[in-house]
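One-letter residues, chain by chain:
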Amino acid sequence: MPGENYEGRGAFGPFGPPFGGPGGRPGPPWARGGFGGPPWARGGRRGGRARRGDVRASLLALLRERPMHGYEMIAEIAERSGGAWRPSPGSVYPTLQLLEEEGLVTAEETGGKRLVSLTEAGRAEADAGPDEPWAEAGQEIDWAAVQEVGQALGAVEQAVRQVMATGTEAQRAKGLEVLNEARKKLYLILAEDA
């Protein structure tokens, strides 16, 4: 009943205040126009990290072509992967250090930067590795599908807001039931035989 306190949520019912109502958080930041949209549907930088081990293989493959600086390697991987993957300096520089410790690369200071080159052992390992390891970085992700999911989630969120803001207590309870059922059905999809 209105005015009752439901588990510390105030006098608004079992679901708290209507979205955007007094004392309520009006939804996630992207729903309020912040952060440029939900993380899965922002567009722009679409990559992230490739599988573990690709940094090493990618650096060796690049250095097979010519000596490079660390930042140059980062930019080359980003360009050659079509923007699907831009490794961070925090993954590239420690990997270069490890390759140097293993005797696979050498580095010399030129103009305030460290120019990295393959040693003979490094060239042998690079020749045994893949030619374009960065090409696999974004292949496992269907970005059109990710965008469709983002749009569908946005539409569902809008419907949820409407039900919670204007629906009766019974309608809000039914809306929550639908959401919980949808969550269960999504997990059941993963349980099905592929």
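Residues numbered from 1 in each chain as written. Predicted model: local features only at pLDDT ≥ 70, side-chain atom pairs only at ≥ 80, totals over all residues. Heavy atoms only, no water.

Participant: How should the overall build of the protein chain be read in this particular structure?
Facilitator: Assigned secondary structure in the protein chain consists of 6 helices and 3 strands. The order of helices and strands in the protein chain, counted from the N terminus, is α-β-α-α-β-β-α-α-α. Considering only contacts in the protein chain between residues 6 or more positions apart, those separated by 24 or more positions represent 54%. Element-wise, carbon and sulfur atoms account for 55% of the exposed surface of the protein chain, whose accessible area totals about 12,700 Å². (Helix = DSSP H or I, 4+ residues; strand = E, 2+ residues; numbered from the N terminus. Contact = heavy atoms within 4.5 Å. Areas by Shrake-Rupley, 256 points an atom, 1.4 Å probe, with all protein chains shown as cover.)

Participant: Quick question: what am I supposed to make of a nonpolar patch on the surface here?
Facilitator: Taken together, the side chains of V156, L176 and L179 present a nonpolar region at the surface, about 210 Å² in accessible area. Along the chain, L176 turns up in helix α6 (residues 169–191). Judged by its relative accessible area of 32%, L176 falls in the partly exposed class. (Patch = residues over 30% accessible without salt bridge, like charges linked within 9 Å, V, L, I, M, F, W, Y side chains within 5 Å. Salt bridge = Lys/Arg side-chain N within 4 Å of Asp/Glu carboxyl O. Buried < 20%, exposed > 50% of the residue type's maximum accessible area, 1.4 Å probe, protein only.)

Participant: I'm lost on the pattern of salt bridges in this one. Help?
Facilitator: Close approach of charged atoms lets side chains of opposite charge pair. Tallied over the full model, the rule gives 9 salt bridges. The shortest N-O distance in the salt bridge between R80 and E65 comes to 2.6 Å. With R80 in helix α2 (residues 70–80) and E65 in helix α1 (residues 54–65), this pair connects stretches of sequence that are 15 residues apart. Owing to a relative accessible area of 30%, R80 belongs among the partly exposed residues under this scheme. The partner of R161 in a salt bridge is E157, with the nearest N and O atoms 3.8 Å apart.

Participant: Explanation requested: the packing of α1 against helix α4 (residues 120–128) in the structure shown.
Facilitator: Between two packed helices, both the angle of their axes relative to each other and the distance between the axes serve to describe the pair. Two numbers describe how α1 lies on α4: the axes approach to 9 Å, and their chain directions differ by 110 degrees. As far as their axial angle goes, α4 and α1 are roughly perpendicular. Note that α1 runs across α4; the crossing there is left-handed. Judged by residue contacts, R56, L60, L63 and R64 of α1 engage G122, R123, E125, A126 and D127 from α4. Across the contact of α1 with α4, the residue classes tally to 3 nonpolar, 1 polar and 5 charged. (Axes fitted to C-alpha atoms, helices over the stretch in contact; angles between N-to-C directions. Parallel < 35°, antiparallel > 145°, perpendicular 65-115°, else oblique. Left-handed = near helix turned anticlockwise from the far one by under 90°. Nonpolar A, V, L, I, M, F, W, Y, C, P; charged D, E, K, R; others polar.)

Participant: What is the right way to look at the sheet that holds strand β1 (residues 68–69) in this model?
Facilitator: By way of backbone hydrogen bonds, the strands of a sheet pair with one another, either parallel or antiparallel. Strands sit in the order β1-β3-β2 across an open sheet of 3 strands; the sheet is antiparallel. One side of each edge strand has no neighbouring strand; the edge strands of this open sheet are β1 and β2 (105–110). Sheet topology note: the β1/strand β3 (residues 113–118) ladder contains 2 bridges and is antiparallel. What sits directly across from M68, in β3, is V116. Of the strands in this sheet, β1, β2 and β3 are in contact with α1, which crosses β3 at around 85 degrees. (Pairing = 2+ DSSP bridges.)

Take it as geometry only, folks, not as evidence of what the structure does.
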